[in-house]
Each structure stands twice: as C-alpha cells, then as structure tokens.
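Letter by letter, the chains look like this.
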Amino acid sequence: MRVTEDRLTEVLVRQEPGRHLAETNPVAAMLVESTAATYPLHAERIRHAGRFFCELLCPGDGGAATLTLPVVSHTFVREEHTTEAQMRAHLARITHRDLLLGLAAHAVLRPSRPGRGRDRLGRDPGECEAVLRTVYLLVRMHEIQEETDALERALNV
C-alpha cells in the first residue's frame, strides 16, 4: 500500500472524492456507510474522510486491492476494541512506511483552528474518535487485504 504524489494530487483535485465508491468498491462503501450510521452525529465527517481514504487507497483501476467482505468482517471484529492510543500509534508507524499516506491521515484528523470554518474536524472529541476509527479501520483493512491477496497468489502459483 503506497500513495504516490500523482495519486494524492489526483484525489485532492477531485470535486467529490469517492463519489462512485459504491460502484468501484461496494464493500468499502458499505463499511463507510455502516460506520457513519454508528455515529449519526458525525456521519458527514465520517463519510468525507472514509470516501477520501477509499479513493486514495483503492483507485478502482485495478492497481490496488479491492476490499472483500471476509477481510472487512474479520478486520472489523478483530479491531473492535482497539484503543484511540493504539490507533494513533499505528497511523504514526504508517507514516514511516508511507509519508504521503501518513500526511493525509494527519491532515484529516487534525483539529481545525478557530476562524477556519469546518474544513477539518471540530473540537468535539466524539467526532475526532469516530473519524480516527474510520481512517484506522480503512488502513488496516487495506493492509490485511494486500496480505490476503499476496498469500492467495503465493498459494495459487
């Protein structure tokens, strides 16, 4: 899982990242929508962050792994009780492997400053935790999907 400068730029200049997510990766779309339903007060921010990360990690052009239901279900259950500190630590480790992915996560998770509108997360800790959990789960699911796909390729050779 690598984010290139071209890919990041492409996603950033789009009007609505992840607009066609339901067609390109329905399982990822289901995850984003179910997470948004879990946190109804923060659904808009979750959808925005989730679609952005899905678009960033899974372009739908065959270049990246498409999330599958078994991987999403397994990861969701496995990571259900991950603490906020553990999620932040994992995303920090990601930054060492993929600087652009780490910077994108940091930008989405950074609280907004007064006078800047609602471009980023507000100061509501519940909203911060909900978006953090969404980003973390998407990253973990893509990592596990890549591992699963590699294992399947190795076993089918």
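Residues numbered from 1 in each chain as written. Predicted model: local features only at pLDDT ≥ 70, side-chain atom pairs only at ≥ 80, totals over all residues. Heavy atoms only, no water.

1. Some words on the pattern of salt bridges
Throughout the structure, instances matching the rule amount to 10 salt bridges. In this structure, the salt-bridge partner of Arg88 is Glu84, at a minimum N-O distance of 3.3 Å. Of this pair, Arg88 and Glu84 both sit in helix H6 (residues 84-97), 4 residues apart, which is roughly one turn of the helix. Each of Arg78, Glu79, Arg97, Arg140 and Glu143 takes part in a single network of salt bridges with overlapping partners. (Salt bridge = Lys/Arg side-chain N within 4 Å of Asp/Glu carboxyl O. Helix = DSSP H or I, 4+ residues; strand = E, 2+ residues; numbered from the N terminus.)

2. Concerning the packing of helix H4 (residues 43-57) against helix H8 (residues 125-155)
Interaxial distance between H4 and H8 falls to 9 Å at its minimum, and their mutual angle equals 20°. One element, H4, and the other, H8, form an angle in the roughly parallel class. In the crossing of H4 with H8, the sense of the turn from one axis to the other is right-handed. Here H4 contributes Arg45, Ile46, Ala49, Gly50, Phe53, Cys54 and Leu57 to the contact with H8, which in turn contributes Glu127, Ala130, Val131, Thr134, Val135, Leu138, Val139 and His142. Considering only residue class, the contact of H4 with H8 consists of 10 nonpolar, 3 polar and 2 charged. (Axes fitted to C-alpha atoms, helices over the stretch in contact; angles between N-to-C directions. Parallel < 35°, antiparallel > 145°, perpendicular 65-115°, else oblique. Left-handed = near helix turned anticlockwise from the far one by under 90°. Contact = heavy atoms within 4.5 Å. Nonpolar A, V, L, I, M, F, W, Y, C, P; charged D, E, K, R; others polar.)

3. Some thoughts on the nonpolar core
Phe52, Phe53, Leu56 and Val135 are the most contacted members of the largest nonpolar core, which has 37 residues in total. Elements represented by at least two residues in this core include exactly helix H1 (5-13), helix H3 (26-38), H4, H6, helix H7 (99-109) and H8. Counting residues per element, this core draws most heavily on H8, at 9 residues. Apart from residues no more than four positions distant in its own chain, Phe53 is found in contact with Leu101, Ala104, Ala105, Val108, Val135 and Leu138. (Core = buried A, V, L, I, M, F, W, Y, C linked by side-chain atoms within 4.5 Å. Buried < 20%, exposed > 50% of the residue type's maximum accessible area, 1.4 Å probe, protein only.)

4. Examining the side chain of Thr82
If you trace the backbone, Thr82 turns up in the loop between helix H5 (69-78) and H6. Residue classification places Thr82 among the buried positions, given a relative accessible area of 9%. Separated by 2.9 Å, the side chains of Thr82 and Glu79 make a polar contact. Sequence-distant contacts of Thr82, defined by excluding residues within four places in its chain, comprise Met87, Arg133 and Tyr136. (Polar contact = N/O pair within 3.5 Å; in protein donor to acceptor, adjacent residues only side chain to side chain.)

5. A look at the packing of H3 against H5
Where H3 meets H5, the closest approach of the two axes is 9 Å, and the angle between their N-to-C directions is 30°. Relative to H5, the element H3 lies roughly parallel. Like other packed secondary-structure pairs, H3 and H5 cross with a definite hand, here right-handed. Touching Val27, Met30 and Leu31 of H3 are Leu69, Val72 and Phe76, all from H5. Each residue belonging to the contact of H3 with H5 can be placed in one class, and the counts come to 6 nonpolar, no polar and no charged.

6. Focus: the confidence of the model for the chain
Of the residues in the chain, 85% have a pLDDT of 70 or more, and the chain-wide mean is 83. Under a pLDDT of 50 for its full length, residues 115-121 has, in the predicted model, 18 contacts with residues more than four places off or in other chains. (pLDDT = per-residue confidence, 0-100.)

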